[in-house]
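# Overview (structure and organization)
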Amino acid sequence: MNNFSQLKDLVMSLEDDFSKFYEKQNAAAGTRVRKGMQELKTMAQAFRTEVQNTKNSATATAPKAAAGAKKAAPAKKAAAPAAKKAAPAKKK
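Report follows, based on the coordinates. Since the structure is predicted, the reported quantities are computational estimates derived from the model, not experimental observations. (Residues numbered from 1 in each chain as written. Predicted model: local features only at pLDDT ≥ 70, side-chain atom pairs only at ≥ 80, totals over all residues. Heavy atoms only, no water.)

## Some remarks on the packing of aromatic side chains
Filter applied, for reference: When the centres of two rings from Phe, Tyr and Trp lie within 6.5 Å, Trp using its six-membered ring, the rings pair. Their planes under 30 degrees apart give stacked, over 60 give edge-to-face, and anything left gives tilted. Strands here mean DSSP runs of E at least two residues long; helices mean DSSP runs of H or I at least four residues long; both are numbered from the N terminus. Relative accessibility decides the category of a residue: with a 1.4 Å probe and only protein chains considered, values under 20% of the type maximum give buried, values over 50% give exposed, and everything between is partly exposed.
Counting across every chain of the model gives two aromatic pairs. Here Phe-18 and Tyr-22 contribute two aromatic rings whose centre-to-centre distance is 6.1 Å and whose plane-to-plane angle is 10°, an arrangement assigned as stacked. Separated by four residues within a single helix, Phe-18 and Tyr-22 lie in helix H2 (residues 15-24), roughly one turn from each other. Seen in terms of ring centroids, Phe-21 and Tyr-22 are 5.0 Å apart; in terms of plane orientation they differ by 80°. Their pairing is edge-to-face. Judged by relative accessible area, which is 31%, Phe-21 ranks as partly exposed. Among the aromatic residues, those joined into a cluster by ring pairs are Phe-18, Phe-21 and Tyr-22.

Below is the structure:
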């Protein structure tokens, strides 16, 4: 949960700069917002990588019994096309 706390802290620290930029059109606050958002992007990518690595290491250490579980049945073949209908009779 430490990662989540870091993420929340960063977002909350940008709150004042967001309001200064959007409400008061303060250009310097906009620069700080852009810098903070770049840091947020970098942090998010690091968290995504950490989660993926944790997930992959958990699957690698999973018991072998799960790997030998019953395989899914093969998909059924498509139904044969319906027989062609007879042409309608000609009117006399």
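## Quick word on the packing of helix H1 (residues 2-13) against helix H3 (residues 27-60)
The description of two packed helices rests on the angle between their axes and on the distance between the axes. Our working definition: As a rule, the C-alpha atoms of each element are fitted with a line to give its axis, helices using only the stretch in contact, and angles between N-to-C directions run from 0 to 180 degrees. In these notes the angle categories are as follows: under 35 degrees is roughly parallel, over 145 is roughly antiparallel, 65 to 115 is roughly perpendicular, and the rest is oblique. Crossings are assigned a handedness: left-handed for a near helix turned anticlockwise from the far helix by less than a right angle, right-handed for a clockwise turn. Any two residues having at least one pair of non-hydrogen atoms within 4.5 Å are treated as being in contact. Only Asp, Glu, Lys and Arg are considered charged in this grouping, and only Ala, Val, Leu, Ile, Met, Phe, Trp, Tyr, Cys and Pro are considered nonpolar; every other residue, Gly among them, is considered polar.
For the pair H1 and H3, the least separation of the axes is 10 Å and the interaxial angle reads 170°. It follows that H1 is roughly antiparallel to H3 by the angle criterion. H3 is crossed by H1, and the crossing has left-handed handedness. Mapping the contact onto sequence places Asn-3, Gln-6, Leu-7, Leu-10 and Val-11 in H1 and Gly-36, Glu-39, Leu-40, Met-43, Phe-47 and Glu-50 in H3. Residues belonging to the contact of H1 with H3 are distributed by class as follows: six nonpolar, three polar and two charged.

## Some words on unusual backbone geometry
In the Ramachandran plot, Gln-25 falls in the positive-phi region, its phi being about 50° despite a non-glycine side chain. Looking at the element boundaries, Gln-25 is found in the loop between H2 and H3.

## Remarks on H3
Filter applied, for reference: A helix is expected to span 1.5 Å multiplied by its residue count minus one. Throughout this description, a polar contact denotes any pair of N or O atoms lying within 3.5 Å of each other; where both atoms belong to protein, one of them has to be capable of donating a hydrogen while the other can accept it, and for residues adjacent in sequence the pair is counted only when both atoms sit in side chains.
Taking 1.5 Å per residue as the helical rise, H3 with its 34 residues ought to reach 50 Å, and the 50 Å between its terminal C-alpha atoms agrees with that figure. Summarising the contacts, the buried residues of H3 are in contact with H1 and H2. The opening residue of H3, the one whose side-chain oxygen lies 3.0 Å from the backbone nitrogen of Ala-28, is Asn-26.

## What about the packing of H2 against H3?
Contact pair H2 / H3: the axes reach a minimum separation of 8 Å and the direction vectors enclose 135°. Judged by the inter-axis angle, H2 sits oblique to H3. Between H2 and H3 lies a crossing of left-handed hand. From H2, Asp-17, Phe-18, Lys-20 and Phe-21 reach across to H3, where they touch Ala-29, Gly-30, Arg-32, Val-33 and Met-37.

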